[in-house]
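Read off the chains here:
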Amino acid sequence: MKPNFSLRLRVFNLNYWGIPYLSKHRAARLTRLGDFLNMESFDLALLQEVWSEQDFQYLKQKLSPTYPAAHYFRSGIIGSGLCVFSKHPIQDTTQHVYTLNGYPYMIHHGDWFCGKAVGLLVLHLSGLVVNAYVTHLHAEYSRQKDIYLAHRVAQAWELAHFIHHTSKKADVVLLCGDLNMHPKDLGCRLLKEWTGLFDAYLEAQDFQGSEEGCTMVPGNCYVSQQDLKLFPCGIRIDYVLYKAVPGLCISCKTFRTTTGHDPHNGSPLSDHEALMATLCVRHSPPQQNPSPTCGPAERSPLVSVLREAWTELGQGMAQARWWAAFASYVIGVGLLLLALLCALAARDGAREVAVLLWTPNVGLVLGAGVIYLFHIQEAKGLCRAQAELQHVLGRAREAQDLGPELEAAPLLGQQEGDGVKEQ
C-alpha cells in the first residue's frame, strides 16, 4: 500500500418509513428521496423500512444512472425492509435473520412478521475490502415497560457476533441502520464494545444537524409528539458506525443529519432523520494505530457490559419459561374440559351444551399450544445467546483472573435472584 494512500467514502442512511397504506405521503416522499440521492451522489445509500418491493424497484430504476448496483434483502412474511444502493460494484451479499423478533400474537406491533435481519454487502474499493452492514432491530414501544428488551439485547449480540465472524477479511467495516436503542442503552454498548466500532456522530470532525445528533425530532411533522414526551429534544436511535484494521486510519470528516425536513425540498423524507457521513481512510504506520495484544474479551468495559447483558437475557429467559409453563397448564385444563365435554355429549340432556362448548375449547387448547411452542423456542434462543456470553466471560476470567462469580450452573436459567450478583 502506498504511503500516501487515501479513500473517501460518502455514506447515506435512512429509515424510510414505507408502510404501504399506513405511512403518510409515501409515494411523494419516495420520489423526493430518489431525487435527493441522485443529486447528492453518495457512494453508498442504505435504507430501512422499505417494506414494499415495488418501492425498491422504483428506486432501483430511478437511481440506476447514479447507483448502478442495488440489492434488496428478503426475509420474514412482510420482509426485512432493508436495501442498499451503491455507486460501486457489489462483490458479495448475505444476510442473517435474528433468532428472536418479538411475539407473533402482538399483531399491532408487527415486528415478528418482518423477520428483522442484518444484511451484508462486500465492496472492493481502491484495493481494500469493505464490509458494509445494514440492519433494523426490534422497536421499543415503551421506555418504562419494555417487554422486548431481552429480544433487542439478543439481537444486538447476534449482530455483533455476525460482524465479528464475517469481517475477519475486511479492511474497513461499516454498520448503518436503525438500532432502536439510545446511545447508552445496554444493547448499543454491547454492540460497540464487542465489535470495536466507532460512532460517526461522536467522532465527526465537523457536525451539522439536529441537536445532539437526534434522529427523531419534534420538528418533524411525521413524528408522534407522544413518543417524544420524555425527550423534548428528540432521540438518537439511527447510527453510522465504522472501524478499520491496524495499518489503516479511518476518520469521520463530516457528519450531517436532516433537521425535520429535506435540505433541498423542505418536506421531511421520513419520520426519521437521514444521516450523511464522509469517511476518510488512509495508510497509517502500525505504531500510530496500535493493535491491542489482548483479544476483545479481555477488556474490562466489555466484561462489565457482557455481565449486564447476561443478566438481562437470563431475566428474559425466566419470563419466557413462565409463559410456557402457564400455557402448559391451560393445555392441561383444556384437555380435561374436552374429556368432560365428551362425557356430557354421551348424555342426551347435555349434548347440545357439550357441542356448543366443544369448538371454543378446542380453540383454547390449540392457541395455548402455539403459545407454549413459541415461548419454548424463545427460551432456547435466549439460552443460546446467554451460553455464548458465558463462553466469552469464561475467556475473560481466565485472562484477568476475575474469580468464580459466573459459574456454569446458572447457564440453564436457574438463576439466583434472576441475575448475576456483581462482586
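Further up the page is the structure itself.
Residues numbered from 1 in each chain as written. Predicted model: local features only at pLDDT ≥ 70, side-chain atom pairs only at ≥ 80, totals over all residues. Heavy atoms only, no water.

Novice: It is not clear to me how the overall build of the chain should be interpreted in this structure. Could you clarify?
Specialist: Along its length, the chain carries eight helices and 13 strands. Across the 423 residues that make up the chain, the buried fraction comes to 51%. Considering only intrachain contacts with a sequence separation of at least 6, the fraction spanning at least 24 residues in the chain is 74%. (Helix = DSSP H or I, 4+ residues; strand = E, 2+ residues; numbered from the N terminus. Buried < 20%, exposed > 50% of the residue type's maximum accessible area, 1.4 Å probe, protein only. Contact = heavy atoms within 4.5 Å.)

Novice: What is the right way to look at the sheet that holds strand β8 (residues 172-178) in this model?
Specialist: Pairing between the strands of a sheet is mediated by backbone hydrogen bonds and can be parallel or antiparallel. Judged by pairing direction, the sheet is mixed, and its six strands sit side by side in the order β5-β6-β7-β8-β11-β9 without closing on themselves. Edge positions in the open sheet fall to β5 (90-97) and β9 (198-199), since each of these has one partner strand only. In this sheet, strand β7 (residues 128-136) lies alongside strand β6 (residues 117-125) in antiparallel orientation, the contact comprising eight bridges. Its bridge partner being in β7, L120 is matched across the sheet by Y133. (Pairing = 2+ DSSP bridges.)

Novice: Whenever I open this one, the pairing of strand β2 (residues 44-50) confuses me. Can you help?
Specialist: If a strand is regular, its side chains alternate between the two faces of the sheet. Within β2, seven of the seven residues are buried, leaving the element largely enclosed by the surrounding structure. Pairing analysis gives six bridges linking strand β1 (residues 6-18) to β2, with the strands arranged parallel. Among the inter-strand pairings, N15 is bridged to a residue of β2, identified as Q48. Regarding topology, helix α1 (residues 26-40) serves as the crossover connection from β1 to the parallel β2, and that connection is right-handed. Pairing geometry for β2 and strand β4 (residues 82-86), over four bridges, is antiparallel. Across the sheet, residue L44 finds its bridge partner in β4, namely S86. (Right-handed = clockwise from strand over helix to strand, strands pointing away.)

Novice: Sorry, what's going on with the packing of aromatic side chains here?
Specialist: Given two aromatic rings, their pairing is described by the distance between the two centres and the angle made by the two planes. This structure, assessed with the given rule, holds 21 aromatic pairs. Aromatic side chains F12 and F36 sit 5.8 Å apart centroid to centroid with 50° between the ring planes, which places their arrangement in the tilted category. Here F12, found in strand β1, pairs with F36, found in helix α1; they are 24 residues apart in sequence, far enough to count as distant. With relative accessibility at 0%, the residue F12 sits in the buried group. Each residue in the set Y103, Y105, Y141, Y148 and F374 is aromatic and connected to the rest through ring pairs, giving one cluster. The lysine or arginine in question, R29, covers the ring of Y222, its NZ or CZ lying 5.5 Å from the ring centre. (Phe/Tyr/Trp six-rings, centres within 6.5 Å; stacked < 30°, edge-to-face > 60°. Lys NZ or Arg CZ within 6 Å of the ring centre and 35° of its normal.)

Novice: Can you help me understand the nonpolar core in this one?
Specialist: Membership of the largest hydrophobic core comes to 46 residues, with the highest contact counts inside it found for Y133, W157, L159, L175 and L306. Elements supplying a minimum of two residues to this core: β6, α4 (149-166), β8, α5 (186-195), β11 (238-244), α7 (300-345) and α8 (351-400). In contact with L306, not counting residues within four places along its chain, are W157, L190, L389, V392 and L393. Ranked by size, the runner-up nonpolar core spans 32 residues in total, among them V11, L121, L125 and I250. (Core = buried A, V, L, I, M, F, W, Y, C linked by side-chain atoms within 4.5 Å.)

Novice: Where do I start with the pairing of β11 in this structure?
Specialist: The buried fraction of β11 is high, at five of seven residues. Here β8 runs beside β11; their pairing, made up of seven bridges, is antiparallel. Paired with L175 across the strands is L241, a residue of β11. Pairing geometry for β9 and β11, over two bridges, is antiparallel. Paired with F198 across the strands is Y242, a residue of β11.

Novice: It is not clear to me how the packing of α1 against helix α2 (residues 53-63) should be interpreted in this structure. Could you clarify?
Specialist: A packed helix pair is summarised by two numbers, namely the angle formed by the two axes and the spacing between the axes. Their axes nearest at 10 Å, the elements α1 and α2 cross at an angle of 30°. The angle between the axes of α1 and α2 places the two elements in the roughly parallel class. For the element pair α1 and α2, the recorded crossing hand is right-handed. Packed against α1, whose contacting residues are R26, L30, T31, L33, G34, D35, L37 and N38, the element α2 presents D55, Y58, L59, K62 and L63 at the interface. In the contact of α1 with α2, the residues fall into six nonpolar, three polar and four charged. (Axes fitted to C-alpha atoms, helices over the stretch in contact; angles between N-to-C directions. Parallel < 35°, antiparallel > 145°, perpendicular 65-115°, else oblique. Left-handed = near helix turned anticlockwise from the far one by under 90°. Nonpolar A, V, L, I, M, F, W, Y, C, P; charged D, E, K, R; others polar.)

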